[in-house]
Amino acid sequence: MQQTGRIRLILNDEDIVLDDVPATGTLLDWLRLRRRLTGTKEGCAEGDCGACTVLVGRLLDGDLVYESVNACIRLLGSLNATHVVTVEHLAAPDGALHPVQQALVDHHGSQCGFCTPGFVMSLYGLWLASDRPGRPEIEKALQGNLCRCTGYEPIVAAAEAVAATRPSAVFDPIERTRADVKEKLAALAPRQTIRMGEVGNRVVIPADVGALAEVLAAEPKATLVAGCTDVGLWVTKQMRALDPVVFINHLQELQAIERSDGGLTIGAGVTYTQAFAALCEMVPALRPLIDRIGGAQVRNMGTIGGNIANGSPIGDTPPPLIALGATLALRATAGRRELPLEDYFIEYGRQDRRPGEFVESLFVPAPAADDRFAVYKLSKRRDEDISALCGAFRIALDHAGTVTYARLCFGGMAGTPKRATHVEAALRGKPWTEATIVAAAMAFEQDYTPLSDWRATAAYRMLAARNLLMRFYLETTGETAQLHRFEEVA
Amino acid sequence: MDKSAFEERKTISAPMHASLRHDSAHKHVAGSADYIDDMPEPEGTLHAALGMSDRAHAEIVSMDLSAVRTAPGVVWVMTGADVPGHNDISPTGRHDEPVLAEGRVEFHGQPVFAVIAESREAARKAARLAKIEYRDLPHWTEVTDTLENGATLVTDPLTLSRGDADAALAASPRTISGEMRIGGQDHFYLEGHIALAIPGEDDDVTVWSSTQHPSEVQHMVGHALGVPSNAVTVQVRRMGGGFGGKETQSNQFAAIAAIAAKKLKRAVKFRPDRDEDMTTTGKRHDFLVAYETGFDEEGRIQAVKANYAARCGFSSDLSGPVTDRALFHADNAYFYPNVRLTSQPLKTNTVSNTAFRGFGGPQGMVGGERIIEEIAYALGKDPLEIRKANFYGEPGSDRVLTPYHQPVEDNIVARIVDELDHSSDYKARRRAIIDFNAKSRVIRKGIALTPVKFGISFTATWYNQAGALVHVYQDGSIHLNHGGTEMGQGLFTKVAQVLADAFQVDIATVKITATTTAKVPNTSATAASSGSDLNGMAAFDAARQIKERLVAFAAEKWGVSPDDVAFVPHHVRIGETLVPFADFIKQAYMARVQLSAAGFYKTPKIHWDRAKGMGSPFYYFAYGAAVSEVSIDTLTGEYQVDRVDILHDVGRSLNPAIDKGQVEGAFVQGMGWLTTEELWWDDKGRLRTHAPSTYKIPLASDRPKIFNVRLAEWSENAEPTIGRSKAVGEPPFMLAISVLEALSMAVASVADYRHCPRLDAPATPERVLMAVERLRGM
Ligand SMILES: Cc1cc2nc3c(=O)[nH]c(=O)nc-3n(C[C@H](O)[C@H](O)[C@H](O)COP(=O)(O)OP(=O)(O)OC[C@H]3O[C@@H](n4cnc5c(N)ncnc54)[C@H](O)[C@@H]3O)c2cc1C
Ligand code: FES
Ligand code: FES
């Protein structure tokens, strides 16, 4: 393949130019094997332990933001025009530890120490971004970091203690270079499509969405990589050869979030973190869900588009989005088409995406002011776990308290995210009472035949689905019907 | 002389009992602490990967490895036939565990060949290209399947018996029998297994291995290579966690790396991927406990009979001593007047289970605590009342004999429990919870106070020995080496404190060095919580020898009595003279005093006759207690741990900060075991929870919302251990049983506490919900 352009980034305080990037090479392998920066560890190579956490700085709406990411499943080719910061960058030139590091030492926050660099980076990311985080914020920032030794207590204590020191008050490696880096990264954004590598090992970084459509038209079998939180595992676990790999995480057009009276349009490349910030403004009841998706690193990388495009029956955003009546925009060189999100999922492993198409954006209509809406996720471990099931509920009642509208959608109950149409029918036109709920809950059997696997048995899934409907009802009556780690119910 | 300097520095930086931070803490946070994968690789280092069976039990009909051999970058493909010595790494010499399977595979994921290639990626890719033809044989992965199909054992079972359990059961006013399933647990050390083998001349090979047991790796590598132990040197500076998972499980990776390194005359590194690590290495044993107990109306136990059937996997590994230790702890802190305990170490077509923090003790204890719960619910009493009624008696009373006939002589459980009962306000909180539950429809709460009594010493008596090597250099700096390994538990820090204290120097004067079989031979695993007890004493002994020589030298040279020579902070006081330590050492060197010593220690008093089931296997006991309060959601089974109070006994702590860290970490790890950590095999016998995506250990947001941890500051070891301290690694793990029992109480509330919920472990949200459903129907 004709090579055009190179990948340029900043690693700690070094400008890097790469013209030979393996299509599936990970950031972690590059750091450890090529750069000999061995402070960043590999604990799992699948985004779940956080030992590999680094910060990546990128320009977002003109701001330079630093986010924690998993280097193990981040592909090197996705890092053009970014600033990668590893644990080695934190201490001052004279070797003095950064306040975040010192706090961990002072509070006995490391035992075996293998998880520690990852915790340092997650806490550093939090410390940069958040003024005086409390325990809930600290715990959320650490959802993607496992420690098997300490029981976390001293780590959280360290994070609390260091919150009082602010970046402006210390010699901070990122603050010190912020203006410079911002300027540099702006200059590195690709003006033309970057291509490198030979057949079998090709990297494409399209200059814009138009170029992306053309690449896909020519190479319908190309692998699109957005946040890489799924694709990364195909590489590290299944050792899949991917060719060409087309990176789309940098495309500004796919990052757009537009608010209108009717609702919200979210670009496919918007990360969980950014998307939920906007979504929760419009639908506050979505807020508990974002805290339950992945860890901070995964939320900073994974995209809404990827969560839908992968067609998974256990993705967490489709159930609420379908319950909210979202529509999907697919794009190809031939143009754009729109379809209701629920129609995108045809059956397990099959979606309505034609060769050459990619997901461009999602439109989420604003629910009516008095719609009642909730989404509940159940998993073995509350945080950073994949759903056993995830149910979204939306109803509207008339003045007499009769159900006029019902839309329920579940993940984990079938081969696709799927509406519970029989339950909906059993609710519609009925009074919103416990008796109605008990009767309607029996209709789940007609909607779903769930599977048993390591996340849950079919029996649990069915029983829990029914009980979630009861929880939804009870909550509309003001009853306390679920536990909250992070926010106490008012 | 030098009195002014002495006046200024009257103390040393880190004596014994000081809360010194971990010796590597600074390096940990800076990312500069080197684990084996971080060391610079020798030029031309090759990498290994495993080819694994995809059958749970089958004969290998044929194996076509040609595609593997010709894959890019592949240098060698090794099978069992290529093992030059013995194709066996059975740690107990039972010859039941091959390095690489030959002819037959006995679990899904068993290593059948290894690929050696120019890069790790090339090796991993090539390993997928094998074509292996199998003839399937019937496989049993579950304890229950095995029990129904011949109940083959991997090693000899144990019986502990005292009194006449059958007669006492028959005579008891009340009896209950039941069953409990207790799940296994993956270690999930953050640093996976790794070995780096560097070939030397002749038969020599040096292996850097992430292991808790360098001596055993040395022996196994020698055994597999067919060379004597003196050809093999095994080293490790630190592990990224061990928890028992690196006691025997490092052998396989080390042996393969060493064999390949010798054959190819190049360094070979073997770092399995996390999924391979979790698939091919053993875990905590799962148990099925069948129990029967007789008791009176006061809840006093008359008799206990219990059988502990364990999923051991395809080979014995350490299953004998693990299942033994389960029986040793089935009594926990309670006196059983008549008792008969039996173990059934079952062979299953699963990976061979191994050591894990507590070593069977936790499973034994969970079974014992279930019996207490059963009695409490049967009598409608607070389980704490039943506990108190059954504690071992005061030393000298007729209620001190354990089922293995060792008297409990250092019993402080009643004091610990009383203090915690009061400090945690247990009784009032329990009442408040019962009131809350009466009014709350969906959310229910539970609270439980459970004690721990844990026996310290290896039950393999000969393991209770340790060595240390201490050098004092001419400049007064000290080199410390001992047979223990550092896996995060702070052992190196504690032993360095012992040495600094002995010589009265700052901790910075003591250089902590990597464990190596070349410096201290014939060491035991750093396990059974024994690390500081054994190695601290061995280092102390080495220091004692050097100090004796120094005292003799000083007495002669300065013409004073040996009694007038003392090691004081940074100095040696000789009569009225104060000599700075370094100057003194220099003079001793000039006078040709030997400044190096090998220290040794063996635990006194212990003995154990397994055939008779009698003896005193434990030097002493460590105690503790915890109160846990939880909330559950009775619609989904979800829960959270609201508050935990712990009072734990570490004797006179060598380092309270490190010990507190051990208590907190062990508790959370134990909580994970009993709640969200679930091992799940499919019907093909394949473990499907083999990575953190599917196997869920606790997160920061799972730890107790309120977590009050205290050490029992008044406690001192009754035995003369190092600084009168007690072992801390394992005992606090079992404090987490209070979480399981608190969940159980919350479940019991849905049937007004009339039935013991019989909540099995791990109590996943699913198990909690299903228990709620079961009780609602009662
Ligand atoms: C540790 C961890 C935790 C996780 N936890 C959760 C969780 O709690 N809930 C949950 O739902 N998921 C979870 N996931 C899964 C993952 O985060 C999501 O599926 C994610 O949304 C995928 O988005 P991505 O941008 O990373 O996709 P990628 O990995 O980049 O791509 C995924 C798939 O979508 C395709 N694709 C991506 N963007 C487009 C596009 N614009 N048009 C067409 N095709 C596209 C890719 O080609 C690929 O086939 C987790 C993953 C990890 C590693
Ligand atoms: S190595 Fe575990 S998250 Fe990256
Ligand atoms: S300190 Fe060992 S895993 Fe965190």
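Residues numbered from 1 in each chain as written. Chains lettered and ligands numbered in written order. Predicted model: local features only at pLDDT ≥ 70, side-chain atom pairs only at ≥ 80, totals over all residues. Heavy atoms only, no water.

Considerations on the overall build of chain A
Selection criterion: Runs of E in the DSSP output that reach at least two residues are strands. Runs of H or I that reach at least four are helices, and both are numbered from the N terminus. We compute the radius of gyration over the C-alpha atoms and compare it with the globule rule, which gives 2.2 Å times the number of residues raised to the power 0.38. Accessible area is worked out with a 1.4 Å probe on protein chains only. A residue is then buried under 20% of its type maximum, exposed over 50%, and partly exposed in between. Note on contacts: a residue pair is in contact if any heavy atoms of the two residues lie within 4.5 Å.
The helix and strand inventory of chain A stands at 18 helices and 20 strands. Over its C-alpha trace chain A gives a radius of gyration of 23 Å, about what one expects of a compact globule, namely 23 Å for 490 residues. Dimensions of chain A along its principal axes, counting C-alpha atoms only, are 70 × 55 × 40 Å. The 490 residues of chain A split such that 62% are buried. Taking the intrachain contacts of chain A between residues at least 6 apart in sequence as the baseline, contacts between residues at least 24 apart amount to 65%.

Brief notes about the domain arrangement of chain A
Accessible area lost upon the coming together of the parts is a frequently used measure of interface size. All names here are of chain A. To keep things clear, this is the line we draw: The split into domains, and so the bounds of each, comes from an automatic or database assignment of domains. Each of two parts loses accessible area, computed with a 1.4 Å probe, when they are put together; buried area is these two losses added. Put simply, a salt bridge is a Lys or Arg side-chain nitrogen that is within 4 Å of an Asp or Glu carboxyl oxygen. Under this definition, polar contacts are N or O atom pairs within 3.5 Å; protein pairs additionally need one hydrogen-donor-capable and one acceptor-capable atom, and for neighbouring residues in sequence, both atoms have to be side-chain atoms. Residue polarity follows a fixed list, in which Ala, Val, Leu, Ile, Met, Phe, Trp, Tyr, Cys and Pro are nonpolar, Asp, Glu, Lys and Arg are charged, and the others, Gly among them, are polar.
When cut into domains, chain A gives domain 1 (7-89 + 174-247), domain 2 (99-170) and domain 3 (255-477). Taking the mean C-alpha position of each, domain 1 and domain 3 sit 30 Å from one another. Note on domain 1 versus domain 3: buried area summed over both sides is about 1800 Å², and carbon and sulfur give 58% of it. Across the domain 1-domain 3 interface, the total number found is 0 salt bridges. Along the contact surface separating domain 1 from domain 3 lie 4 residue pairs in polar contact (both at pLDDT 80 or more). Counting only elements with at least two residues in the side of domain 1 that touches domain 3, the list comes to β3 (53-60), β4 (63-70) and α7 (209-218). Here the side of domain 1 that touches domain 3 takes 7 residues from α7, the largest share from any one element. Of the residues assigned to the side of domain 1 that touches domain 3, the class counts are 11 nonpolar, 8 polar and 6 charged.

Thoughts on the sheet that holds strand β6 (residues 194-196) of chain A
Residues and elements named next belong to chain A. Inclusion rule: DSSP bridges decide pairing: two strands pair if at least two such bridges lie between them. All axes here are fitted lines through C-alpha atoms, helices being fitted over the stretch that makes contact, and every angle between N-to-C directions spans 0 to 180 degrees.
Taken in spatial order, the 4 strands make up an open sheet running β6-β7-β9-β8, and their pairing is mixed. Across the chains shown, the open sheet's two edge strands, defined by having one partner strand only, are β6 and β8 (223-225). Pairs of neighbouring strands in the sheet enclose a mean axial angle of 20°, with direction left out of account. Judged from the 3 bridges that link them, β6 and strand β7 (residues 203-205) form a sheet pairing that is antiparallel. If you follow I194 over to β7, its bridge partner there is I205.

Side note on the site of ligand 1
Residues and elements named next belong to chain A. Keep this limit in mind: For each residue, the test is whether any non-hydrogen atom lies within 4 Å of the molecule or strand; if one does, the residue is near. Note that accessible areas follow from Shrake-Rupley with a 1.4 Å probe, and for residues the cover is restricted to the protein chains shown.
Surveying the vicinity of ligand 1 reveals 35 residues, the closest of which are L224, G227, T229, T303 and D316. Contact distances for ligand 1 include 2.7 Å between an oxygen atom and a backbone N or O atom of G227. Within the backbone of G294, an N or O atom sits 3.0 Å from an oxygen atom of ligand 1. Its free accessible area being 960 Å², ligand 1 has 95% of it covered by the protein chains. Looking at the shell around ligand 1, the elements that each hand over two or more residues are β8, α8 (231-236), α12 (304-309) and β16 (358-365). Here the shell around ligand 1 takes 3 residues from α12, the largest share from any one element.

Description of the packing of aromatic side chains
The test is simple: Centre distance within 6.5 Å is the pairing criterion for rings of Phe, Tyr and Trp, where only the six-membered ring of Trp is used; planes under 30 degrees apart are then read as stacked, over 60 as edge-to-face, and the remainder as tilted. Here, over-ring charges are defined by two tests on the NZ atom of lysine or the CZ atom of arginine: distance to the ring centre within 6 Å, and angle to the ring normal within 35 degrees.
For the coordinates displayed, the defined rule picks out 34 aromatic pairs over all chains. For the pair A:W454 and B:W680, a centre-to-centre distance of 6.1 Å together with 65° between the ring planes defines the contact as edge-to-face. Separated into two different chains, A:W454 in the loop between α17 (444-447) and α18 (458-476) and B:W680 in the loop between α18 (656-674) and β29 (706-711) make up a pair that spans both. Ring geometry for B:F253 against B:F270: centres 5.2 Å apart, planes inclined by 80°, an arrangement best described as edge-to-face. Of this pair, B:F253 sits in helix α8 (residues 250-264) while B:F270 sits in strand β12 (residues 268-270), placing them 17 residues apart in sequence. Here the basic side chain of A:R240 rests over the ring of A:W234, its NZ or CZ set 4.2 Å away from the ring centre.

Remarks on the nonpolar core
We apply this condition: Each nonpolar core is a collection of buried residues, namely Ala, Val, Leu, Ile, Met, Phe, Trp, Tyr and Cys, held together in the definition by side-chain atoms within 4.5 Å.
Ranked by internal contacts, the top residues of the largest apolar core, which has 162 residues, are B:I478, B:L499, B:F503, B:L550, B:F584, B:I646 and B:F667. Take this core: its biggest share by element is 11 residues, from helix α16 (residues 531-558) of chain B. The residue makeup of this core includes at least three contributed by each of domain 1 (3-29 + 465-602) and domain 3 (286-459 + 609-776) of chain B. Once you skip the residues sitting within four places of it in the chain, B:F584 turns out to touch B:L550, B:F553, B:A554, B:W558, B:V572, B:I574 and B:V579. Counting residues in hydrophobic clusters, the runner-up holds 61 residues, among them A:A51, A:V87, A:C115 and A:Y152.

A closer look at the UniProt feature "domain: FAD-binding PCMH-type" (unreviewed entry) in chain A
Worth spelling out the cut-off: UniProt positions are given in the numbering used here, feature names are shortened, and annotations may be inferred rather than shown by experiment.
Listed under "domain: FAD-binding PCMH-type" (unreviewed entry) in the UniProt record, and renumbered for this structure, are residues 196-369 of chain A. The distance separating the terminal C-alpha atoms of residues 196-369 of chain A is 51 Å; by composition the span is 30% helix and 25% strand.

With respect to the sheet that holds strand β24 (residues 596-602) of chain B
All names here are of chain B. Across the sheet, 4 strands lie side by side as β19-β18-β17-β24; this open sheet has mixed pairing. Strands at the two margins of the open sheet, each flanked by one partner only, are β19 (510-512) and β24. With strand direction ignored, the average angle separating the axes of adjacent strands in the sheet is 25°. The pairing of strand β17 (residues 465-472) with strand β18 (residues 478-482) spans 5 bridges and is antiparallel. Opposite V472, over in β18, you have I478 as the bridge partner.

Here we look at the side chain of B:E369
Residue and element names in this part refer to chain B. Within the element layout of this structure, E369 appears in helix α11 (residues 361-379). By relative accessible area, which is 1% here, E369 ends up buried. Residues in contact with E369, not counting those within four places in the same chain, are N332, Y334, R387, P451, I737 and E741.

A closer look at the interface of chain B and chain A
Facing 86 residues of chain B, the contacting portion of chain A comprises 83 residues. Roughly 7000 Å² is buried in total at the junction of chain B and chain A, and carbon and sulfur atoms are behind 54% of that figure. The largest contributions to the chain B side of the interface with chain A come from B:V29, B:L190 and B:R703, which together make up 11% of the buried area. The closest approach of N and O atoms between B:E678 and A:K380, which form a salt bridge, is 2.8 Å. Viewed at the interface, chain A and chain B are joined by 38 residue pairs in polar contact (both at pLDDT 80 or more). Secondary-structure elements contributing two or more residues to the side of chain B that touches chain A are α2 (25-30), α4 (120-126), α9 (274-280), β27 (620-633), β28 (639-648), α18 and α20 (765-776) of chain B. Here the element with the most residues in the side of chain B that touches chain A is α18(B); it accounts for 7 residues. Grouping the amino acids of the side of chain B that touches chain A by side-chain chemistry returns 35 nonpolar, 23 polar and 28 charged.

Notes on the environment of B:W714
All names here are of chain B. For W714, the position within the fold is in the loop between β29 and α19 (737-748). Residue W714 is classed as partly exposed on the basis of its relative accessible area, which comes to 28%. Each C-alpha atom, one on W714 and one on R55, is 55 Å from the other, the two residues being 659 residues apart in sequence. A polar contact is formed between the side chain of W714 and the side chain of E419, at a distance of 3.0 Å.

Points about the confidence of the model for chain B
Keep in mind that low pLDDT regions are not for reading the predicted coordinates in detail. Counted only if it meets this: Here pLDDT means the predictor's own confidence in every residue, given as a number from 0 to 100.
Overall, the prediction assigns chain B a mean pLDDT of 97, with 99% of residues at 70 or greater. Reported for the predicted complex are a pTM of 0.98 and an ipTM of 0.97.

Concerning empty space enclosed by the protein
Residues and elements named next belong to chain B. As a reminder of what qualifies: Think of a 1 Å grid over the protein atoms and nothing else: a 1.4 Å probe that fits but is trapped marks a cavity, an open set flanked by protein within 12 Å on at least five of seven lines marks a pocket, and residues with an atom within 4 Å of a point count as lining. Grid points are joined across faces, edges and corners, and a volume is the space filled by probe spheres set on the points.
Evaluation of the coordinates by the stated rule reveals 11 cavities of 30 Å³ or more. Surrounding the largest cavity, 34 residues form its lining, M487, Q489, S529, Q662 and G729 being those nearest its centre. The element that contributes the greatest number of residues to the lining of the largest cavity is α16, accounting for 3 residues. Here the lining of the largest cavity is built from residues that sort into 12 nonpolar, 15 polar and 7 charged.

Let's talk about unusual backbone geometry
The step from A:D243 to A:P244 runs through a cis peptide bond, and the omega angle for that step is -15°. Structurally, the position occupied by A:P244 is in the loop between α8 and β9 (245-247). Here the bond from B:A761 into B:P762 is cis, since omega is 0°, no more than 30 degrees from zero. In this structure, B:P762 sits in the loop between α19 and α20. Non-glycine residue B:H570 carries a positive phi angle of around 65°. Here B:H570 lies in the loop between β21 (565-568) and β22 (571-574). Under the relative-accessibility criterion, B:H570 is labelled buried at 10%.

Details of the pattern of salt bridges
Under the defined criterion, the tally for this structure stands at 87 salt bridges over all chains. The closest approach of N and O atoms between B:D421 and B:K427, which form a salt bridge, is 2.6 Å. For B:K427, a relative accessible area of 42% corresponds to the partly exposed category. When salt bridges with common partners are traced through the structure, they connect A:R32, A:K41, A:E42, B:D37, B:D38, B:E41, B:K269 and B:R271 into a single cluster.

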